[in-house]
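Observations on chain architecture
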Amino acid sequence: MERTEKRDFVASLATVFGETSFVLVGRNAGLTVAAVDDLRRRMKANGATYKVAKNRLAMRALDGTRFQGISPLLKGPTALAWSSDPVAVAKTAVEFAKGNDKFVILGGALGNQLLDANGIKALAELPSLETLRASLLGMLQTPASRIASVLQAPGGQLARVFKAYADRDAA
């Protein structure tokens with residue numbers, strides 16, 4: 001990489017660190033190109049980005065961001081993954097690590113909170129953002145349907161009483 005390319009890369013990575021809410025650090029020593037491509041494809045399918053970066057350049061990009069605490073994890077062959085949905089990144093990385101021994105999750109950061117490998121695994125066990133939204137919507141709709149049925153019940157009872165009077169008068 002030339003000096004200008006390095007500067008541009010650091011600037012783009014610093015922009016990413018300023019905009020994202022979660023960064024995962026993994027060790028990718030010994031991964032084949034096909035395995036890295038597979039991991040990139042999986043990450044992209046879940047709305048995440050996976051990038052292998054030189055540690056020195058990544059540390060420069062981390063300076064002054066809320067993710068500065070992950071700098072000690074950047075030793076050896078490491079890669080970074082990020083997304084606005086932290087659960088999606090964590091789930092994808094944990095699933096891939098289960099099937100591939102050469103990919104090791106080192107840790108990461110969720111906002112200002114540093115996470116170790118166990119913290120990432122715990123994050124992966126949470127339901128996804130879409131699942132949480134669906135369950136919240138279901139909870140919000142349930143009381144509304146109950147209120148509608150309660151409000152509808154007296155009207156139905158009145159209608160039955162009026163029908164009974166009408167049937168009695170017709171007889």
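Above this text is the structure in question.
Describing the packing of aromatic side chains
For the structure on display, the rule yields 4 aromatic pairs. These aromatic residues form a ring-pair network of at least three members: F17, F67 and W82.

Structural notes on the packing of helix 1 (residues 3-19) against helix 3 (residues 55-62)
At their nearest, the axes of helix 1 and helix 3 sit 8 Å apart, and the two run at 50° to each other. Accordingly, the angle class assigned to the pair helix 1 and helix 3 is oblique. Where helix 1 crosses over helix 3, the handedness of that crossing is right-handed. Within the contact between the two elements, helix 1 uses K6, F9, V10, L13, A14 and F17 and helix 3 uses R56, L57, A58, R60, A61 and L62. Residue composition of the contact of helix 1 with helix 3, grouped by class: 9 nonpolar, no polar and 3 charged.

Some words on the sheet that holds strand 1 (residues 22-27)
Two pairing modes exist for strands in a sheet, parallel and antiparallel, and in both the strands are linked by backbone hydrogen bonds. Reading across from one edge, 2-3-1-4-5 is the order of the 5 strands in this open sheet, with antiparallel pairing throughout. The sheet is open, and its two borders are formed by strand 2 (49-52) and strand 5 (113-116), each paired with just one other strand. Each neighbouring strand pair of the sheet contributes to a mean axis angle of 20°, computed without reference to strand direction. Where strand 2 lies against strand 3 (residues 78-83), 4 bridges are found, and the strand directions are antiparallel. Within strand 3, the position partnered with V52 by the bridge is A79.

Conventions we followed
Residues numbered from 1 in each chain as written. Predicted model: local features only at pLDDT ≥ 70, side-chain atom pairs only at ≥ 80, totals over all residues. Heavy atoms only, no water. Phe/Tyr/Trp six-rings, centres within 6.5 Å; stacked < 30°, edge-to-face > 60°. Axes fitted to C-alpha atoms, helices over the stretch in contact; angles between N-to-C directions. Helix = DSSP H or I, 4+ residues; strand = E, 2+ residues; numbered from the N terminus. Parallel < 35°, antiparallel > 145°, perpendicular 65-115°, else oblique. Left-handed = near helix turned anticlockwise from the far one by under 90°. Contact = heavy atoms within 4.5 Å. Nonpolar A, V, L, I, M, F, W, Y, C, P; charged D, E, K, R; others polar. Pairing = 2+ DSSP bridges.

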